[in-house]
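# Architecture and fold: a report
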Amino acid sequence: TNQNRDSAIETDSSSNNQSASDHESASYLKFESASDHESASDLKSESASGNESDSDVKSESASGNESASDLKSESASGNESDSDVKSESASGNESVSDVKSESASGNESDSDVKSESASGNESVSDVKSESASANESDSDVKSDVLFLMESTSKNLPKPLKINGRYSVPWKCGKLPPSKLEYVAYKILHPNRNPIPSQEELSKTLPVEKPDLDKLHNPPTDSIQATWLGHSTVLVQMEGLTVITDPVFSTRCSPVQFAGPTRYRDVPCTISDLPPINVVVISHNHYDHLDWYSVRELDTRFGSALHWFVPEGLGHWMRTTVGCKNVKEMTWWESDHPPHKPDVKFVFTPAQHWSGRGLFDTNKTLWGSWSIIGSSLRFFFAGDTGYSDVFKTIGEMYGPFNLSAIPIGAYEPRWFMSPHHVGPEEAIQIHKDIKSRRSLGIHWGTFKLTNELYLKPRENLKDSLIEAGLSLSDFFTIKHGETINVDT
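The protein chain appears in an unreviewed UniProt entry as Metallo-beta-lactamase domain-containing protein from Paralvinella palmiformis.

With that settled, consider the overall build of the protein chain. For the protein chain, the count of helices and strands is 11 helices and 21 strands. Considering the protein chain as a whole, with its 487 residues, one finds that 52% of them fall into the buried category. For the protein chain, long-range pairs separated by at least 24 residues make up 66% of all intrachain contacts whose partners lie at least 6 apart in sequence. Accessible area for the protein chain stands at about 20900 Å²; split by element, carbon and sulfur atoms hold 47% of it.

What follows is about the layout of surface pockets. In this structure, the largest pocket spans a volume of roughly 1200 Å³. Lining the largest pocket are 34 residues, with Tyr 182, His 285, Tyr 286, Trp 353 and Gly 355 sitting closest to its centre. Elements that contribute at least two residues to the lining of the largest pocket include exactly helix H3 (179-188) and helix H9 (413-416). Taken together, the residues of the lining of the largest pocket break down into 13 nonpolar, 14 polar and seven charged.

With an omega dihedral of -5°, the bond running from Gly 398 to Pro 399 counts as a cis peptide bond. Within the secondary structure, Pro 399 is located in the loop between helix H8 (389-397) and strand S18 (402-406). Of note, the phi angle at Asn 163 is positive, near 55°, even though the residue is not glycine. By the element assignment, Asn 163 lies in the loop between strand S6 (160-162) and strand S7 (165-167).

On the surface, a cluster of nonpolar side chains totalling about 440 Å² of accessible area is made up of Val 183, Ile 187, Leu 188 and Trp 414. Of all the elements, H3 adds the most residues to the nonpolar patch, at three residues. Looking at the element boundaries, Trp 414 is found in helix H9. A residue is classified by how much of its surface remains accessible, and Trp 414, at 43% relative accessible area, is partly exposed.

Our focus in this paragraph is the pattern of salt bridges. Tallied over the full model, the rule gives seven salt bridges. In this structure, the salt-bridge partner of Lys 327 is Glu 333, at a minimum N-O distance of 3.6 Å. Taking relative accessible area as the criterion, Glu 333 reaches 16% and is therefore assigned buried.

The next thing to look at is empty space enclosed by the protein. Under the defined criterion, the tally for this structure stands at five cavities of 30 Å³ or more. In this structure, the second largest cavity spans a volume of roughly 130 Å³. What lines the second largest cavity is a set of 15 residues, among which Tyr 263, Phe 446, Lys 447, Leu 448 and Glu 451 lie closest to the centre. The class makeup of the residues in the lining of the second largest cavity is nine nonpolar, four polar and two charged.

What follows concerns helix H6 (residues 291-301). Of all the residues in H6, the buried ones are Ser 293, Val 294, Leu 297, Asp 298 and Phe 301. Buried residues of H6 fall within an arc of 130° about the axis and therefore sit on the same side.

Attention now moves to the confidence of the model for the protein chain. This prediction gives the protein chain a mean pLDDT of 78; 68% of its residues lie at or above 70. Between residues 1-153, whose pLDDT stays under 50, and residues either more than four places distant or in other chains, the model counts 241 contacts.

Another aspect to go through is the environment of Val 278. If you trace the backbone, Val 278 turns up in strand S11 (residues 278-280). Each C-alpha atom, one on Val 278 and one on Val 235, is 9.8 Å from the other, the two residues being 43 residues apart in sequence. Aside from chain neighbours lying at most four places away, what touches Val 278 is Thr 241, Val 242, Ile 243, Leu 305, His 306, Phe 308, Pro 337 and Phe 345.

Quick notes on the rules
Residues numbered from 1 in each chain as written. Predicted model: local features only at pLDDT ≥ 70, side-chain atom pairs only at ≥ 80, totals over all residues. Heavy atoms only, no water. Helix = DSSP H or I, 4+ residues; strand = E, 2+ residues; numbered from the N terminus. Buried < 20%, exposed > 50% of the residue type's maximum accessible area, 1.4 Å probe, protein only. Contact = heavy atoms within 4.5 Å. Areas by Shrake-Rupley, 256 points an atom, 1.4 Å probe, with all protein chains shown as cover. 1 Å grid on protein atoms, 1.4 Å probe; cavity = no way out; pocket = protein on both sides within 12 Å on 5 of 7 lines; lining within 4 Å. Points joined across faces, edges and corners; volume = space filled by probe spheres on them. Nonpolar A, V, L, I, M, F, W, Y, C, P; charged D, E, K, R; others polar. Patch = residues over 30% accessible without salt bridge, like charges linked within 9 Å, V, L, I, M, F, W, Y side chains within 5 Å. Salt bridge = Lys/Arg side-chain N within 4 Å of Asp/Glu carboxyl O. Arc of directions from axis to C-beta. pLDDT = per-residue confidence, 0-100.

Now the structure itself:
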């Protein structure tokens, strides 16, 4: 059994013979991107210098036929140490968190991936052997290996990419709608619900200036969220300040003299914000990715800011604006800010599309974000139609303490349903991802579709009552209002 197990987990370190005294690991585990058409269940071993190893890290059973996607984390007798994440093998007691390759005689080779001794000089975080300078806790070992095993043990949907253009891998309506559908929409559904006067709006949809003291001194034991309009949410949790789809401009358009106009003012300016650690972008539509706001954030925070963006969007971020620290991700890929390895940003699926011009439709990916901390979890749905994929997200990463889910820009349904949920479907997403509380976004800011501007909020309340849920389970707040959620 040991001989079979020994041959199962291999690490090719012939390209990099670094000494154990440097406290560097010869390899780390990573997922290949879906755009490279490689399976996410193949675990690859890379050297610490960044050179890829030629061999996949495989876990096989005693008969040699067990696939890497069958890796399980469990304690065979229930008495193993909490700091070890165990993988069930033929003998039942092998440790995956140590990721060791043993010979038939039990002697470890120089190329084995080793966990440091109980002296704690080095932990195995992100399923990597970090350098001796990164003394991470053993709880990170558990979390990261579990992330690895969860992702490889399920048949997770991956985006399709054909002739350089992405599409969802499941059946849904046409994304984007055809030109004929768009013309029919404009002819059959003229705008009959104009936005009222500013005086009326100040009563029905007030804007309040955020409490800047709260923003600069967030609590450490809860998620603090401030709605800044549309899909822009300032999220503060576990020592990080994150902003989602930042749009601070007057118009969500290629130019500022035409296009949809903000009918509720932005509650604060970028100069008012506390230091931002991470920006997450769901996709590149103008109401979610604003060049002016991105440039201002980059000017203010520079290299201190980390950008997590969909696959294909990195080139635009770097060349059009000049952003640094840009990380592209495909679905189910995760990363973390360098100084916060215990908070994972997972790029999860959504049902939508992308495009900023006439010729770039679906050339960049889209998705949602699952932010997984050591004790708190936040979900940002971005922009999406409904799909069963949210059940998979809930199984993988739920329950979430707080979620931001779109509720507006959904009529007429025959045209909008493939890429925009309405309140009823938003509630279904809330259930699917196992969200304890959810905040309604993507409404009350820009007039993008034909429903009355207050209808998303009203329909959300009606749908909650029909679903037998409390109005506090899924709610809306004022522009600029801050909430705290700890359960």
